[in-house]
Amino acid sequence: MDFSLLRRIISRYCVGEEIWVDSRTVYIGHKEPPPGAEAYIPQRYPDNRIVSSKYTFWNFVPKNLFEQFRRIANFYFLVIFLVQLIIDTPTSPVTSGLPLFFVITVTAIKQGYEDWLRHKADCSINECPVDVVQQGKVARTQSHKLRVGDVVIVREDETFPCDLILLSSSRHDGTCYVTTASLDGESSHKTYYAVPDTMAFRTEQEVDSLHATIECEQPQPDLYKFVGRINIYKDNEEPVARPLGAENLLLRGATLKNTQHIYAVAVYTGMETKMALNYQSKSQKRSAVEKSMNAFLIVYLCILISKAVINTVLKYAWQWSPDRDEPWYNHRTENERQRHVVIRAFTDFLAFMVLFNYIIPVSMYVTVEMQKFLGSYFITWDEEMFDEELGEGAQVNTSDLNEELGQVEYVFTDKTGTLTENNMEFIECCVDGNVYIPHAICNGQILSAASSIDMIDSSPGGYRREHEDLFFRALCLCHTVQVKEEETVDGIKRGIHQGRPTSFYISSSPDEVALVEGMKRLGYTYLRLRDNYMEILNKDDEIERFELLHVLNFDSVRRRMSVIVKSSSGEYLLFCKGADSSIFPRVVSGKVEQVKARVEQNAVEGLRTLCVAYRRLSEPEYQEVCHRLNDAKLALQDREQRLAQAYDVIERDFVLLGATAVEDRLQEKAADTIESLHKAGMKVWVLTGDKMETAAATCYASKLFRRTTQILELTKKRTEEQSLHDVLFELNRTVLRQRSISGLSVDCLDFGLIIDGATLSAVLRPNQDGPGSGNYREIFLEICRNCSAVLCCRMAPLQKAQIVKLIKASKEHPITLAIGDGANDVSMILEAHVGIGIMGKEGRQAARNSDYAIPKFKHLKKMLLVHGHYYYIRIAELVQYFFYKNVCFIFPQFLYQFFCGFSQQPLYDTAYLTLYNISFTSLPILLYSLVEQHLTMDTLKRDPSLYRDIAKNSLLRWPVFLYWTCLGVFDAVIFFFGAYFLFDNTTFTSNGQLMTTNTQMMFGNWTFGTLVFTVLVFTVTLKLALDTHHWTWINHFVIWGSLLFYVIFSLLWGGIIWPFLNYQRMYYVFMQMLSSGPAWLSIILLITVSLLPDVIKKVLCRALCPTATERAQPQKVRTAGTPEVCVAPGSAGGEGLSEREPLRPDRTREGDSGDKAARSYDSMMSHSHSNPTQQALEYNPTTVLDGIGSPWIRRSCLGVAWQS
């Protein structure tokens, strides 16, 4: 049986199989081909809808619940809740169900809100108006209704709604100019070309009369590759086939510039556009803190199971005696007697699990969610991270990784646009070894103090003068720059005014604009391209016209571009410019050594260099060039390879003219930021596509490399001289030998590694030949571990992601951060643990795909050293505190079973069990995790080494976790046995009640449990108060308010007979307990004893072996009649005053001399005696949350804020 038809149907209509189809046919305007042509086969394509949202209205509830219950803690509490519903358990199902419902609801609201924002963003894109040509008229529709084959009109400054093939343009030459900032981060203009047979169409009727089909490849993610052809049908003629390439394809997200309008046909729509295919869905990133939480959770789950097993075994050991198995007051039913012992034991085990399940802090997860969500606003509110030029501040795209900012060990950064401004400035040019800079004559040398003139010297001799003219003409002609003419107020375009143009230049390369502008300053001005003629204004104010015949576009493989022009005298000239490595081998004459020396010197200084050469063509040579180029351009198969071969033959036998130098300046404070990151213990890697010399110079300028840094090279040039195996082992021996010699001396281990993309591919290649080749990756990592900085040059975007992945997967599993500004950085941003995008002038794709977005590279310093430090400290304390307070909460319940015959009797009332984690102890730790500042922001910025104190998840390591757990067990033992000994001596009253003789309290289960619970709530809350360094009125309100709320709730809960309860066991218990004076004394004593060990431990640790953080914390000093002033330990004369003190005119800033600081301190002390109250109000340190915040937070925190 022939299944071919079935296979074709499946491949056409099943989305999953569509990728196997080699090509697609697009019918322009949805017109069928004429009779006798190919068969008309309508194909199904997706509409133009973009979907980035996760949920729909119908699947939100089931899908969200499914995802939430995949979390172990949520699923565990669901099981516990179901067990409470099914079997008879000692506690109400409400005690587990209510906290679980609260957690699920809060998380669902947060995720639903975030997805609603994504829906809004999708709708704004999908509902954008689009003009479509239908039956010779323009019809307006919405973007999501576009279909493949629709003819679209796009006007200037509009964004392309889908991937389009350009049919015609308002420009007579059939070109249009496009910016692809949202795709590849470049705001410069690129040129695209219309199909030659349709470029003359000017009206909708002409476009509608087109009868054609397009055959092209199926959607591919490669932005720079497209293969297709258009078949144009004419009356009674054979169809005309024209090739289509990437120069004809307008990509979705790009913007039309400097062109009034275009007509284009849709070929890829919706999620099949190249932009959508390049968008990698963000994998769920998990922070190190979350992993620690899960590990701790497993430990506590094991503890819980152990408790339940121990109590179950001891219960049956206790009940082995018949009188204990069925005492007189608790006879079992007949069904209970007949039930098998294994079933009874299993039921009891489940009941104990329910009784002790509160040791698993389910509310911790919702508190962490709220802390991350609310805490992320501190970054967006930070005024220091607001950029006036952009008018924007930092953005948080995901709040799940806030604390990861405090754990970064490796920083991977792009160079161009991230470390540098990507704003090119022409510095100099060199012609035959003679150097020229704008407005100065530098015949062979640079004269820094030369007088400013507008033109180059006209004195050189004939040969040199000819080469100068050729050089300057070459730079005015060999480019793809367009001229944008400025308009006057009256709307009249200004061309040349007083011999000088008032237009400005736009191009796909900022280097080209810098070069053309540099030539303009040296006397040669490029005017325009008109009717395929390029016009330039020479230094004599004469206009020269050159016919543009061919453009051999730049590509990253050739690393050069060329133009073929015809002068007014009929001479054919081939001008070429490119990288020195691609020009010098093709040069046959010229002053190569002089130019090469200047190029190398400029590269060392961090300048971007290009070489310029030319070749004269005779008429036969030109005809041969035309023939080769036309054959290659018309090829449907292997077009790119055939063009490359043609270019290789044409671009040779050059005469070298000279070289240029362009500077890409470092961003403001980029060097300071990198130096601070180094001091904080981070390793900084620069990943760039630039040449090694330029990138290395930038690394020296940015202080990534120091002059004392020993540079190790692992480049293609070196591996050509030696085998890769030998080079790797030699470098490895070098770093290991130096490390063994220097011991612990860090200065002697300052190595810097430079590697290029070709060598990296060889290192990472999985199947390598030769001895020991399988260890290349490990040897490379070993070398990198011993280097303080690494420069990776000539890197492709995919290689950047491979580098990040390689470091992530190393045995240390370090936390990585990637930062970049362009679409070529998106892959490494998504790969790193934390991805940060720069919101520069060149597109937002990196910012959109990142976890955080900042305006400038300098803002990375505060984001890591301040915000990251705070976030980690806060959430680490939150996690440890939650486990601690739950141990304090549930361990007395475990001890109580030894005194109640393992009868599963709860120690606490149901209300206390339910509200302990929800109300009584939740708000203080939540506020602490939002506003705690153990050090001031200025201290953290001034001393980056403090970042090392929290490195490698130091506050969530197992020793710290065990300390908190043991502290919780100790406190729980104090609570239980302290209360137990209070009830040791009891007597019966006249009305039959059991009273304690020493406290005169009623003795009972609920009184005992309430006493323990009261001590518990006060102890864990005061423990947090002792850990708080940064006090504001909000802290006081929440901490003391929580304790007050507990007291008021207990009074109401036990003071009123609630009609909806079927029991009144807590009636009058709390009030009767508080009526006993010894009970008050006992509560205070137990709280003090519980807190004392932790206080002693902190005092001893601070005195004997303080950490760098503790040494940096200011201490309070008081002079009689003066306000408290924070003075750092070891400071003299007030130097080191708390940075939270308001800065007065006489107050020294960081970097001022010590005597000024002493004078300002003495001045303040003398002023304070005159009016102590006023001075105290004036000089009290004020608090602003993280130095940022909404207006109400700013106003609310202007109070006393001491560093405890």
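Above this note sits the structure.
Nothing here was measured: the structure is a model prediction, and the numbers come from that model.

**Student:** So what's going on with a nonpolar patch on the surface? Residues and values would help.
**Tutor:** The grouping of Phe-898, Phe-899, Tyr-980 and Phe-981 at the surface amounts to a nonpolar patch, some 410 Å² of accessible area in total. Among the structural elements, Tyr-980 can be located in helix H33 (residues 958-982). The class for Tyr-980 is partly exposed, based on a relative accessible area of 31%.

**Student:** Could you give an account of the nonpolar core, with specific residues and numbers?
**Tutor:** In a soluble, globular protein the nonpolar side chains are often hidden away together inside. Within the largest apolar cluster, 92 residues are counted, with the highest numbers of intra-cluster contacts made by Met-364, Val-879, Tyr-908, Tyr-912, Phe-1013 and Leu-1016. No other element matches helix H29 (residues 859-896), which puts 18 residues into this core. Setting aside residues no more than four positions away along its own chain, Phe-1013 makes contact with Phe-889, Tyr-908, Tyr-912, Tyr-916, Phe-920 and Tyr-1046. If you look at the next biggest cluster of nonpolar residues, it comprises 45 residues, including Leu-419, Cys-699, Ile-819 and Ile-854.

**Student:** So what's going on with the pairing of strand E6 (residues 175-180)? Which residues, and what values?
**Tutor:** For E6, the buried fraction is high: six of the six residues fall into the buried class. Here E6 shows no split at all, with Thr-175, Tyr-177 and Thr-179 on one side and Cys-176, Val-178 and Thr-180 on the other all buried. Here E6 pairs with strand E12 (residues 255-257) via three bridges, running antiparallel. Within E12, the position partnered with Tyr-177 by the bridge is Lys-257.

**Student:** How would you explain the sheet that holds strand E9 (residues 228-232) if you had to name every residue and give the values?
**Tutor:** The four strands lie next to each other as E1-E8-E9-E10, forming an open sheet whose pairing is antiparallel. The open sheet has two edge strands, strand E1 (23-27) and strand E10 (240-244), and neither has a second partner. For this sheet, the mean inter-axis angle between neighbouring strands, taken without regard to orientation, is 20°. The pairing of strand E8 (residues 212-217) with E9 spans five bridges and is antiparallel.

**Student:** Tell me about the sheet that holds strand E13 (residues 261-268), and name the residues and values.
**Tutor:** Sheet strands associate in pairs through backbone hydrogen bonding, adopting either a parallel or an antiparallel arrangement. The strand order E3-E2-E4-E13-E5-E11 describes an open sheet built from six strands, whose pairing is antiparallel. Of all strands in the sheet, those bounded by a partner on one side alone are strand E3 (137-142) and strand E11 (249-250). Note: strand E2 (residues 129-134) against E3, six bridges, orientation antiparallel. By the bridge assignment, Gln-134 is partnered in E3 with Lys-137.

**Student:** I'd love a proper account of the environment of Val-103, names of residues and values included.
**Tutor:** Secondary-structure assignment places Val-103 in helix H4 (residues 94-126). Taking the C-alpha atoms as reference points, Val-103 and Val-362, separated by 259 residues in sequence, lie 7.6 Å from one another. Here Val-103 is in contact with Gln-68, Asn-74, Val-362, Ser-363 and Val-366, once residues within four sequence places are set aside.

**Student:** Residue-level account of a negative patch on the surface, with values.
**Tutor:** Taken together, the side chains of Glu-593, Glu-600, Glu-693 and Glu-713 define an acidic patch exposed on the protein surface. Positionally, Glu-593 belongs in helix H17 (residues 592-604). You can call Glu-593 exposed: its relative accessible area is 57%.

About the thresholds
Residues numbered from 1 in each chain as written. Predicted model: local features only at pLDDT ≥ 70, side-chain atom pairs only at ≥ 80, totals over all residues. Heavy atoms only, no water. Patch = residues over 30% accessible without salt bridge, like charges linked within 9 Å, V, L, I, M, F, W, Y side chains within 5 Å. Areas by Shrake-Rupley, 256 points an atom, 1.4 Å probe, with all protein chains shown as cover. Salt bridge = Lys/Arg side-chain N within 4 Å of Asp/Glu carboxyl O. Helix = DSSP H or I, 4+ residues; strand = E, 2+ residues; numbered from the N terminus. Buried < 20%, exposed > 50% of the residue type's maximum accessible area, 1.4 Å probe, protein only. Core = buried A, V, L, I, M, F, W, Y, C linked by side-chain atoms within 4.5 Å. Contact = heavy atoms within 4.5 Å. Pairing = 2+ DSSP bridges. Axes fitted to C-alpha atoms, helices over the stretch in contact; angles between N-to-C directions. Lys, Arg positive; Asp, Glu negative; His and termini not counted. Charge placed at Lys NZ, Arg CZ, Asp CG, Glu CD.

The analysis is restricted to geometry; functional conclusions fall outside its scope.
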